[in-house]
Amino acid sequence: MPPDVVAEPAVVTTGPMTPRMYEVESRREDLADTVTLTLAPTGEPIAPPEPGQFTMLWAFGIGEAPISLAGSDGALLTHTIRRVGAVTRALCDVGPGDQIGVRGPYGAGWQLPAVGSDDVLIVAGGLGLAPLRPLVEQVAAHRDRFRQATLLIGARSPGDLLYLSEVDTWRRHAIDVEITVDVASTDWTGHVGVVTFLIDKAAIDPSATTAFVCGPEVMMRFGAQAIADRGVLPSSIQLSLERNMHCAIGHCGHCQLGPAFVCKDGPVLQWSAAEPLMRIRAR
Amino acid sequence: MKSIADLLHEHPFFEGLAWDAVELIAGCGHNVHYGTDTLIIEEGEAADVFYVLRRGRVAIEIPTPRRGPLIIDTLGAGDILGVSWLLPPYRWGFGARAIEAVDAVSIDAACLRGKCDDDPVLGYAMYKRFAGLVRERLQATRLQLADLYGNDAS
């Protein structure tokens, strides 16, 4: 008879800073510097994310980075990531089967009008389409709840456009999608110019419109202002701010912007609250 | 059939302009149509008109030696094509091509400049509207120059 051995219980650490383990299920190269990963949990998944929330993705041995959810399907998470630093480079270089730590979901997401037949105006610039993608999917899934649904997409060039294969699907759901680029060769038949010009022409009823804007911060400032100039209430314009999120739970203060912690109070804020914060100059 | 004055009166650029002023401007205009892929404006040629776009789309182009023509802006119904007629040397800075069939009212620049000289109230109203247009396009150009979608700007 074997001697009695009392196994030591495994040390399980849980808490808001502990990542859950995920495995890369698929990796798609979207642009030269941008990939989309689909992650599947290897154990307990994170809580189901809401459109507009973000997670902290952990590249083991390198570090963590806040990445917006570009989609979720059951326990599967989709993230579109651009190579801009050591962590995102490591995350972009993973392959199927590799493991990534995931914390979250964090922050306040997009708030679609609960009832009614309001117009929805979604304005995306560059990689800003990624956090808006779950919202677009939600609008498409509940299209009958809204009167006019418009998606305006701006990018540097036709070769920098994300999710082009999904645009036709969105159009089939009666979402009016207009795309503009900063510059193009003559084989491009879409719009050329800044996305704010498309805002001026969008077929919306400003008094009954909820607008969502995500992209580079300067573009969001001009975009939100152009929407407000159309007569949409500042409290009906939502933006997703990007700041230097570290802990993602409002403790470390790295993402503090005036009185707000972007990780906790945002990343989605109303223009009425975001406008004064966005005027704070970085030191 | 609508008169030129009716067409201008319906166009957003002339919104709020007094009817008699619209009629004066209409006296310098006539209807034009350009088929898809037709060159409307050739860079460097005399800027002796501007176009009040009613239908279709126009690409503003700049030729480049290695990459061929680049589209730097697109205009459509409700827009104005051409500001180079306003000031000397009255020469087009960029080319323009119809990327969808275009219906427009073409306004003769010398005719309108003459009317603006004779009627400063009309001249002020017109130049104020065009100043707004130039401001919008300058702002757009600055945003494009900032390359907002590049890595460093995000």
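In the block above lies the structure referred to throughout.
Residues numbered from 1 in each chain as written. Chains lettered and ligands numbered in written order. Predicted model: local features only at pLDDT ≥ 70, side-chain atom pairs only at ≥ 80, totals over all residues.

**Remarks on the overall build of chain A**
Right, on to step 1. A tally of regular secondary structure across chain A gives seven helices and 17 strands.
Right, on to step 2. Put simply, chain A has 283 residues, and 45% of those count as buried.
Right, on to step 3. Of all intrachain contacts in chain A linking residues separated by at least 6 positions in sequence, the fraction that spans at least 24 positions is 69%. (Helix = DSSP H or I, 4+ residues; strand = E, 2+ residues; numbered from the N terminus. Buried ≥ 20, exposed ≤ 12 C-beta atoms within 10 Å, placed from the backbone. Contact = placed C-beta atoms within 7 Å.)

**Notes on the interface of chain A and chain B**
Right, on to step 1. Between chain A and chain B, the contact holds 23 residues from the first and 22 residues from the second.
Right, on to step 2. Among the secondary structure elements, those contributing two or more residues to the side of chain A that touches chain B are strand 11 (184-185), strand 12 (191-192) and helix 5 (217-229) of chain A.
Right, on to step 3. A per-element tally of the side of chain A that touches chain B places helix 5 of chain A first, with three residues.
Right, on to step 4. Split into classes, the residues belonging to the side of chain A that touches chain B amount to 13 nonpolar, seven polar and three charged.
Right, on to step 5. Bridge count between strand 11 of chain A and strand 4 (residues 70-76) of chain B: two bridges; the pairing is antiparallel. (Nonpolar A, V, L, I, M, F, W, Y, C, P; charged D, E, K, R; others polar. Pairing = 2+ DSSP bridges.)

**Notes on unusual backbone geometry**
Right, on to step 1. Cis rather than trans, the peptide bond between Gly 104 of chain A and Pro 105 of chain A has omega equal to -5 degrees.
Right, on to step 2. Mapped onto the fold, Pro 105 of chain A is located in strand 7 (residues 99-106).
Right, on to step 3. Look at the link from Pro 88 of chain B to Pro 89 of chain B: it is a cis peptide, with omega at 10 degrees.
Right, on to step 4. Relative to the helices and strands, Pro 89 of chain B is located in the loop between strand 5 (80-81) and strand 6 (95-108).
Right, on to step 5. Of note, the phi angle at Tyr 163 of chain A is positive, near 55 degrees, even though the residue is not glycine.
Right, on to step 6. Mapped onto the elements, Tyr 163 of chain A comes out in the loop between strand 9 (149-155) and helix 3 (164-172).
Right, on to step 7. Tyr 163 of chain A gets classed as buried once you count the C-beta atoms within 10 Å, which come to 20.
Right, on to step 8. With phi around 55 degrees, Tyr 90 of chain B is a residue other than glycine that occupies positive phi space.
Right, on to step 9. Relative to the helices and strands, Tyr 90 of chain B is located in the loop between strand 5 and strand 6.

**Some words on the sheet that holds strand 2 (residues 34-41) of chain A**
Residue and element names in this part refer to chain A.
Right, on to step 1. Ordered in space as 4-3-7-1-2-6-5, the seven strands form an open sheet in which the pairing is antiparallel. Of all strands in the sheet, those with a lone pairing partner are strand 4 (63-68) and strand 5 (71-73), marking the two edges. Taking the axes of each pair of neighbouring strands and ignoring which way they run, one obtains an average angle of 35 degrees across the sheet.
Right, on to step 2. Two elements, strand 3 (residues 54-59) and strand 7, share four bridges in a ladder whose sense is antiparallel. For Trp 58, the partnering residue across the bridge sits in strand 7 and is Gly 101.
Right, on to step 3. Strands in contact with helix 2 (residues 129-141) are strand 4, strand 5 and strand 6 (76-82); relative to strand 5, the strand with the most contacts, it is inclined by about 50 degrees. (Axes fitted to C-alpha atoms, helices over the stretch in contact; angles between N-to-C directions.)

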